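Each chain, letter by letter, is given below.
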Amino acid sequence: MAVDLGELLVPYMPTVRVPRTGDRVFKSECAFSFDSPESEGGLYVCMNTFLGFGREHVERHYRKTGQSVYMHLKRHVKAKATGAAGGAIPRRRNGKVFLDLELNRDFNGQDYEYEDEAKLVIFPDHFEIPLPNIEELPALVTIACDAALNAPSAYKKQEPESWEEEIQVSRHARSLRQLDNGVRIPPSGWKCQKCVMRENLWLNLTDGAVLCGKWFFDGSGGNGHALDHYKETKYPLAVKIETITPDGADVYSFEEEEAVLDPHISEHLSHFGIDKLQMQKKTENGHHTENNSRPRVSEWEVIQESGMKLKAVFGSGYTGIKNLGNSCYLGTVMQVLFSIPDFQRMYVGNLQRIFDYSPLDPSQDFATQMAKLGHGLLSGQHSKPPMKSELIEQVMKEESKVLNWHQQKGVPPRMLKALVGRGHPEFSSNRQQDAHEFLLHIINMVERNSAGLENPSDIFRFLVEERVQCCQTRQVRYSQRVDYCIQLPAPIEAATNREELMAYETKRRDAEENMQAPPEPVRARIPFTACLQAFTEPENVPDFWSSALQAKSAAVKTSRFASFPEYLVLQIKKFTFGVDWVPKKLDLAIDVPDFLDLSRLRAIGLQASEEELPDLLPPIMLAEDTRDNSMSSIDSPEIDEAAVMQLAEMGFPLEACRKAVYYTGNMGTEMAFNWIIAHMEEPALRRQDFAEPLTLPSIMDPGPSTSDSPVSATLLSNLPPEESIAILTSMGFPRAHSIQALKATNNNLERALDWIFIHPEVEASDALSDMADTEPNDNAFSNANSHSDSTLSPDRDASGPRVKDGPGRYELFAFISHMGASTMSGHYVCHIKKEGRWVIYNDHKVCLSERPPKDLGYIYFYHRLSSS
């Protein structure tokens, strides 16, 4: 008896939707796996959420949501019959290809043809309705199916989902006058010329003045000096320094009072020595090549082990990652992370739990996408060796294009890349990126998404003890910070082939002067011991505020390991900026050892023979150009009384206003207002009583802290920059919690904000204890050298940062190498030691390594050796 499809679909009609503008239709990949329409079971697309699911996962979605109507998509790929005419892949011509999907480029269009099949499937009975079926299906269902089939794939470039104002070209751009005043902007170390701000800085394109922008409540702070400069000079255009990239920069017109476009931004920046917009161009194969630089043929060949007959390997842990176009930085980092048991256990070991408790949109869930990629790499399902019959066919045809059919294609990390890059100015783009920066970004996201759960990034975390000694008084201050990676300098002066390098440099200069071809480059060979020595060398601190002298003094800072991580990450500082802002890579080789013993770098803490610097708060001064450097004429820091009166007129207590202006460094009424609002909501234990008069520290009479409050003692000890504290407190976070976050992240605002979300606020007494624990004391690490077994820091202090301390002896198990002259160009591959043999992961290609180029690596990964 014929089934009336209209009647059959009536109960489900309310759940069937027509895709609207902005809806993403996931018809190319499963949200939980790498199943696609080309997979054996095809792909099921929910007709309500438009999420795609493979055959193994569609039942889970049905049970969780109750959605019953799915569109099943299947693409059949088959070789053309012998003698069939070649040519382009058929598209819609005969109705057999109608899915708007990316064609798999691993299949050669000359030898394979596609045939697409679609049908509606009703759960739970799996009732199937072939499509198209205009005559029998309700009109709504027909329209929804047609719209879904014709919608672009979710990861194809789409129009912005939300309305954005169109930015216009500034009327000043073409005729902008630039002063020939000799100003050159360095590639780093910027600071507002009128205050201490180092963020939200704007470069005036007329005279090269670097000044801070306006203070905003979202944390992009400033004192409005760039606007004041315009009012004085009428120079109209400024560019935000932090936004300068090869693709452009954010330009603001003060006269037009809006963001504008500057078509001549490249020329305007080059006037001040910034040539960053001219440093790269894209090639056809998805990698980048550098302008005005010679091809690095030898480096590319050595790192990729070109010319060697590398044996492909298959199976669990030997799955490649498909390059989506300059995504090799992501692929190499993820390959290394999922070779570590902690990440395997967290995401693959808990796969079913993660999938079962995933949100309704698993494509936007970090744990789900990490588990998906981890399972794809470790299951072996996407890395199967060719069958014997296929190998025979390859030999008979002897065509490399057919051989490619049997090589693994690798898993495409589209969903994870889109998720982790969302909102990030660099990782959301298709440009090449720095693998080290991406590693820290992923660790940050793991931290953020592991609150209350096992955190696999604990294995990388360690404490660094910083010892600063005042050169005049010889007194010391100890502090600790959390870190995840050691950055090793590469001292060129320590190269073993220094004479050869000097001869090359002489020839290169002569060739430039005589307009001749440059000589063959010479690679510097630097001993690893020299890099380690440079890392441990004392660092001069010229502008150190000595609390003993109550004045600026020279100091020396040394860094040591307060704890050793379970997994040690070493980055070789190969990249630098030239004077023209173009990032350049140092051509060097380092004899990185397989085994490493850092035990001698263990911190020992405050010694009995050392005297600590007093816990005194440095006076907060105005900008350097307004400060009176004659200390004999200063009794105490000045307070902007006009700002105090403005706040008092709002109804706040006078002493509260004075405290707010003082503790925000006389940076304006708005910052002081935010400080008051933040502190009004804090418990009395965490703030000074607003009714108490403000007591200013004496500059000429150093001595112990006048406050007996444990909070005051803590704040006076190595206090982070007040402007950073003010930014966090203005967002509503308690002052004590903000200070704690800044100390734990080495005063990095972005990381501090993430730290706050990862470490929810605890009780007041716990917070005070935690803050105090970040400061070293007489016996904080007195027994540090006796550590032999791995210990977890929270056992010693449950409120402190979680670090897995243990011996400082390590073995190399992976390294990531970079080819090219800049982090913004080139290509990454990684080598990982598995089952006693080195394996090279070069995008989707996975082979046994013959000669792992350990001396040319960029990021090295070590695991701790057991104490036995």
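Residues numbered from 1 in each chain as written. Predicted model: local features only at pLDDT ≥ 70, side-chain atom pairs only at ≥ 80, totals over all residues. Heavy atoms only, no water.

**Points about the overall build of the protein**
In terms of regular secondary structure, the protein is built from 25 helices and 30 strands. Residues classed as buried in the protein amount to 52% of the 868 residues present. A sequence separation of at least 24 residues applies to 70% of the contacts in the protein between residues at least 6 apart. Split by element, the accessible area of the protein, about 41,400 Å² in all, is 50% carbon and sulfur. (Helix = DSSP H or I, 4+ residues; strand = E, 2+ residues; numbered from the N terminus. Buried < 20%, exposed > 50% of the residue type's maximum accessible area, 1.4 Å probe, protein only. Contact = heavy atoms within 4.5 Å. Areas by Shrake-Rupley, 256 points an atom, 1.4 Å probe, with all protein chains shown as cover.)

**What to know about the sheet that holds strand β17 (residues 539–546)**
Strands in a sheet are paired, the pairing made by backbone hydrogen bonds, and the direction either parallel or antiparallel. In space, the four strands of this open sheet follow the order β14-β13-β18-β17, with antiparallel pairing throughout. At either margin of the open sheet sits one strand with a lone partner, and together these are β14 (476–483) and β17. Neighbour-to-neighbour, the strand axes of the sheet open up by a mean angle of 35°, direction not taken into account. By the bridge criterion, six bridges tie β17 to strand β18 (residues 551–561) in an arrangement that is antiparallel. By the bridge assignment, V541 is partnered in β18 with A555. (Pairing = 2+ DSSP bridges. Axes fitted to C-alpha atoms, helices over the stretch in contact; angles between N-to-C directions.)

**Let's talk about the packing of helix α8 (residues 341–348) against helix α10 (residues 366–378)**
Contact geometry for α8 and α10: axes closest at 8 Å, N-to-C directions at 115°. α10 is crossed by α8, and the crossing has left-handed handedness. Residue-level inspection shows F343, Q344, Y347 and V348 of α8 in contact with α10, the latter providing F366, A367, M370, A371, G374, H375 and L378. Residues of the contact of α8 with α10, tallied by class, amount to eight nonpolar, three polar and no charged. (Left-handed = near helix turned anticlockwise from the far one by under 90°. Nonpolar A, V, L, I, M, F, W, Y, C, P; charged D, E, K, R; others polar.)

**Some details on the nonpolar core**
In terms of nonpolar packing, the biggest core is built from 98 residues, with L120, M334, F343, Y347 and F460 touching the most fellow members. Among the nonpolar cores identified, the runner-up in size contains 32 residues, and F528, L532, L596 and Y810 belong to it. (Core = buried A, V, L, I, M, F, W, Y, C linked by side-chain atoms within 4.5 Å.)

**Examining α10**
If you check α10, its first and last C-alpha atoms are 18 Å apart, about what 13 residues at 1.5 Å a residue would give, namely 18 Å. Counting buried positions along α10 yields eleven of 13 residues, so the element is predominantly enclosed. The complete set of buried residues in α10 reads F366, T368, Q369, M370, A371, K372, L373, G374, G376, L377 and L378. At its buried positions, α10 is contacted by α7 (328–337), α8, α9 (351–356), α13 (414–421) and α14 (435–448). Just beyond α10, the residue with positive phi is G380, at close to 80°. (Expected span 1.5 Å × (residues − 1).)

**Concerning the sheet that holds strand β6 (residues 201–204)**
Read across the sheet, five strands follow the order β7-β6-β8-β9-β10 without closing on themselves; strand pairing throughout is antiparallel. The sheet is open, and its two borders are formed by β7 (210–212) and β10 (258–260), each paired with just one other strand. Each strand axis lies, on average, 40° off the axis of its neighbour in the sheet, ignoring direction. Strand direction decides the pairing type here: β6 and β7, joined by three bridges, are antiparallel. Paired with W202 across the bridge in β7 is L211. Contacts from helix α4 (residues 225–233) reach β6 and β7 within the one sheet, and its direction differs from that of β7 by about 120°.

**Regarding the pattern of salt bridges**
A full pass over the atoms with the stated rule returns 33 salt bridges. The shortest N-O distance in the salt bridge between R481 and D483 comes to 2.6 Å. Taking relative accessible area as the criterion, R481 reaches 15% and is therefore assigned buried. Under the relative-accessibility criterion, D483 is labelled buried at 17%. A salt bridge links K833 to E811; its shortest N-O distance comes to 3.7 Å. You can see K833 sitting in strand β27 (residues 827–834) and its partner E811 sitting in strand β26 (residues 809–819), a full 22 residues away along the chain. Since its relative accessible area comes to 17%, E811 is described here as buried. Among the charged side chains, a network of salt bridges with common partners joins D342, R345, E454, E566 and K804. (Salt bridge = Lys/Arg side-chain N within 4 Å of Asp/Glu carboxyl O.)

**Re α7**
Most of α7 is tucked away, with ten of its ten residues classed as buried. If you check which residues of α7 are buried, you get C328, Y329, L330, G331, T332, V333, M334, Q335, V336 and L337.

**Digging into the confidence of the model for the protein**
Of all residues in the protein, 74% attain a pLDDT of 70 or more, and the chain-wide mean is 78. Here helix α20 (residues 710–716) stands out as the element of the protein with the lowest mean pLDDT, 37, in contrast to strand β30 (residues 857–864), whose mean of 97 is the highest. Contacts from residues 277–286, a stretch scored under 50 in pLDDT, to residues over four places away or in other chains number 31 contacts. Of the regions scoring below 50 in pLDDT, residues 622–636 engages in 22 contacts with residues more than four places distant in sequence or in other chains. (pLDDT = per-residue confidence, 0-100.)

**Considering the environment of I442**
Structurally, I442 is set in helix α14. Here I442 falls in the buried class, since its relative accessible area comes to 0%.

**A look at the packing of helix α17 (residues 641–648) against helix α18 (residues 654–663)**
Where α17 meets α18, the axes come as close as 9 Å, and the angle between the chain directions of the two elements is 135°. When the axis of α17 is compared with that of α18, the two are oblique. Once α17 is placed against α18, the crossing between them reads as right-handed. Every residue of α18 that contacts α17 at E641, A643, V644, L647 and A648 is listed here: L654, C657, R658, A660 and V661. The class makeup of the residues in the contact of α17 with α18 is eight nonpolar, no polar and two charged. (Parallel < 35°, antiparallel > 145°, perpendicular 65-115°, else oblique.)

**Let's talk about unusual backbone geometry**
Note that the residue after F123, namely P124, is joined by a cis bond; omega there is 10°. Residue placement: P124 occurs in the loop between β4 (112–122) and β5 (127–130). Residues L131 and P132 are joined by a peptide bond in cis, for which omega reads 0°. Of note, P132 is situated in the loop between β5 and α3 (139–150). The phi dihedral of N326 falls on the positive side, at around 60°, and the residue is not glycine. Along the chain, N326 falls in the loop between α6 (297–304) and α7. In the Ramachandran plot, R474 falls in the positive-phi region, its phi being about 65° despite a non-glycine side chain.

**Focus: the environment of F733**
With respect to the secondary-structure elements, F733 resides in the loop between α21 (722–730) and α22 (735–744). Given a relative accessible area of 16%, F733 falls into the buried group. Remark: the alpha-carbon pair of F733 and I756, spanning 23 residues in sequence, is separated by 8.4 Å.

**Overview of the packing of aromatic side chains**
Counting across every chain of the model gives 21 aromatic pairs. Ring geometry for Y70 versus F123: centroids 5.1 Å apart, planes at 65°, classification edge-to-face. Here F123 lies in the loop between β4 and β5 and Y70 lies in strand β3 (residues 69–79), a separation of 53 residues in the sequence. Under the relative-accessibility criterion, Y70 is labelled buried at 0%. Geometrically, the ring pair formed by F462 and F561 is tilted, given 5.5 Å between the ring centres and 40° between the ring planes. Here F462, found in strand β13 (residues 462–470), pairs with F561, found in strand β18; they are 99 residues apart in sequence, far enough to count as distant. In terms of burial, F462 and F561 fall into one category: buried. (Phe/Tyr/Trp six-rings, centres within 6.5 Å; stacked < 30°, edge-to-face > 60°.)

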